[in-house]
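The chain contents come next:
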Amino acid sequence: LGLIDTYSLLSRRESTLLAKGAILELYKTNNISSEFIIGLGQEGNVLGAFLASAIGLPFSFIPYQSRNADHSKQERELVLSKIKKVTLIIDVICSASSIISILNEKSEVFKDVEIIDLFSLFHISSDPKYHPDMFKFKDPRINYYTVCDKIIIDKCKYDDDKLRECSICENKLEKVHSFHSK
């Protein structure tokens, strides 16, 4: 599965400022009224911390499940007592599986949450089974917003010899790397 290396993308100051501005604009344009911001993974942590600071909301982050062992118990715990509206921020989404998995794993934490506004920088699949409407089907509380809603980056189907034909490389959208999920 080919993905955009958003870690490298966000390591450049200009790209980080652009991404932060785009997330803030997305939040304001859609009249989101969250009570709490949660970043998912390292990149979501960077973007979520900025958004929370910019709009004056409390913030926390959830590490990716595959990296739970790298974080302390306090970093993995999250308390959302009496919070009804949250915004989750992640860098790249292909399918709803990681988001739904987190919501299921932390079902006790999210039990009182009524609205989950999910933001991503990129949605990378044109496969109909991974259409953004899938979030409502899998969890009706989720409203999905993406910065790049007109640019869909498909799974990388090129081997090392043909990477120049890949839309990610062709458009200089960063490195292509393997993504390993459960």
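Anything mentioned here points back to the structure above.
Summary of the structure given here. (Residues numbered from 1 in each chain as written. Predicted model: local features only at pLDDT ≥ 70, side-chain atom pairs only at ≥ 80, totals over all residues. Heavy atoms only, no water.)

## Digging into the overall build of the protein chain
Link 1 in the chain: Counting secondary structure elements, the protein chain contains seven helices and seven strands.
Link 2 in the chain: Counting from the amino terminus, helix and strand elements in the protein chain follow one another as β-α-α-β-α-β-α-β-α-β-α-β-α-β.
Link 3 in the chain: The proportion of buried residues among the 182 residues of the protein chain is 45%.
Link 4 in the chain: For the protein chain, contacts bridging at least 24 residues in sequence account for 72% of all contacts bridging at least 6.
Link 5 in the chain: Just so you have it, the protein chain exposes about 10300 Å², and 50% of that area is on carbon and sulfur atoms. (Helix = DSSP H or I, 4+ residues; strand = E, 2+ residues; numbered from the N terminus. Buried < 20%, exposed > 50% of the residue type's maximum accessible area, 1.4 Å probe, protein only. Contact = heavy atoms within 4.5 Å. Areas by Shrake-Rupley, 256 points an atom, 1.4 Å probe, with all protein chains shown as cover.)

## Remarks on the environment of Leu24
Link 1 in the chain: Position of Leu24 among the secondary structure elements: in helix H2 (residues 13-29).
Link 2 in the chain: Placed 26 residues apart in sequence, Leu24 and Phe50 show a C-alpha to C-alpha distance of 8.6 Å.
Link 3 in the chain: Dropping the residues within four chain positions of it, Leu24 is found in contact with Phe50, Leu51, Ala54 and Ile55.

## Focus: H2
Counting along an α-helix, one turn takes 3.6 residues, and residues three or four places apart therefore face a common direction.
Link 1 in the chain: End to end, H2 covers 24 Å across 17 residues, agreeing with the expected 24 Å (1.5 Å per residue, within 8%).
Link 2 in the chain: Buried within H2 we find Ser15, Thr16, Ala19, Ile23, Leu24, Leu26 and Tyr27. End-on view of H2: buried residues confined to an arc of 165°, all on one side of the axis. H2 presents Arg13, Glu14, Leu18, Lys28 and Thr29 as exposed residues on the side facing more than 90 degrees away from its buried surface.
Link 3 in the chain: Count one or two residues on from H2 and you reach Asn31, which has phi positive near 50°. (Expected span 1.5 Å × (residues − 1). Arc of directions from axis to C-beta.)

## Structural notes on the pattern of salt bridges
Link 1 in the chain: In total, this model carries three salt bridges according to the counting rule given.
Link 2 in the chain: Close ionic contact of Glu108 with Lys111 constitutes a salt bridge, the shortest N to O distance being 2.7 Å.
Link 3 in the chain: Classification of Lys111 as exposed rests on a relative accessible area of 52%.
Link 4 in the chain: One salt bridge connects Arg141 with Asp139, and the closest N-O pair in it is separated by 2.9 Å. (Salt bridge = Lys/Arg side-chain N within 4 Å of Asp/Glu carboxyl O.)

## Description of the environment of Cys148
Link 1 in the chain: Turning to its location among the elements, Cys148 is positioned in strand E6 (residues 142-152).
Link 2 in the chain: Between the C-alpha atoms of Cys148 and Ser120, which are 28 residues apart in sequence, the distance is 8.2 Å.
Link 3 in the chain: Apart from residues no more than four positions distant in its own chain, Cys148 is found in contact with Leu121, Phe122 and His123.

## Quick word on the pairing of strand E2 (residues 36-40)
Link 1 in the chain: Of all the five residues making up E2, five are buried; the element is thus mostly covered by neighbouring parts of the structure.
Link 2 in the chain: Looking at chain direction, E2 and strand E4 (residues 85-93) are connected through four bridges and run parallel. Following the sheet pairing, Ile37 is matched in E4 by Thr87.
Link 3 in the chain: This β-α-β element, E2 to helix H3 (residues 41-55) to strand E3 (residues 59-62), shows right-handed connectivity. (Pairing = 2+ DSSP bridges. Right-handed = clockwise from strand over helix to strand, strands pointing away.)

## Regarding the side chain of Thr146
Link 1 in the chain: Turning to its location among the elements, Thr146 is positioned in strand E6.
Link 2 in the chain: With a relative accessible area of 10%, Thr146 lands in the buried category.
Link 3 in the chain: Among the polar contacts listed, one links the side chain of Thr146 to the side chain of Ser120, at a separation of 3.0 Å.
Link 4 in the chain: Non-local contacts of Thr146, meaning those with residues more than four positions away in its chain, are made with Leu26, Ser120, Leu121, Phe122 and His123. (Polar contact = N/O pair within 3.5 Å; in protein donor to acceptor, adjacent residues only side chain to side chain.)

## So, unusual backbone geometry
Link 1 in the chain: One non-glycine residue, Asn31, adopts positive backbone phi at about 50°.
Link 2 in the chain: Note that Asn31 resides in the loop between H2 and E2.
Link 3 in the chain: Take Asn31: its relative accessible area is 67%, and that puts it in the exposed class.
Link 4 in the chain: Notably, Lys82 is not glycine yet its phi reads approximately 65°, a positive angle.
Link 5 in the chain: Tracing the chain through its elements places Lys82 in the loop between helix H4 (73-76) and E4.

Everything listed here is a matter of geometry and, on its own, says nothing about what the molecule does.
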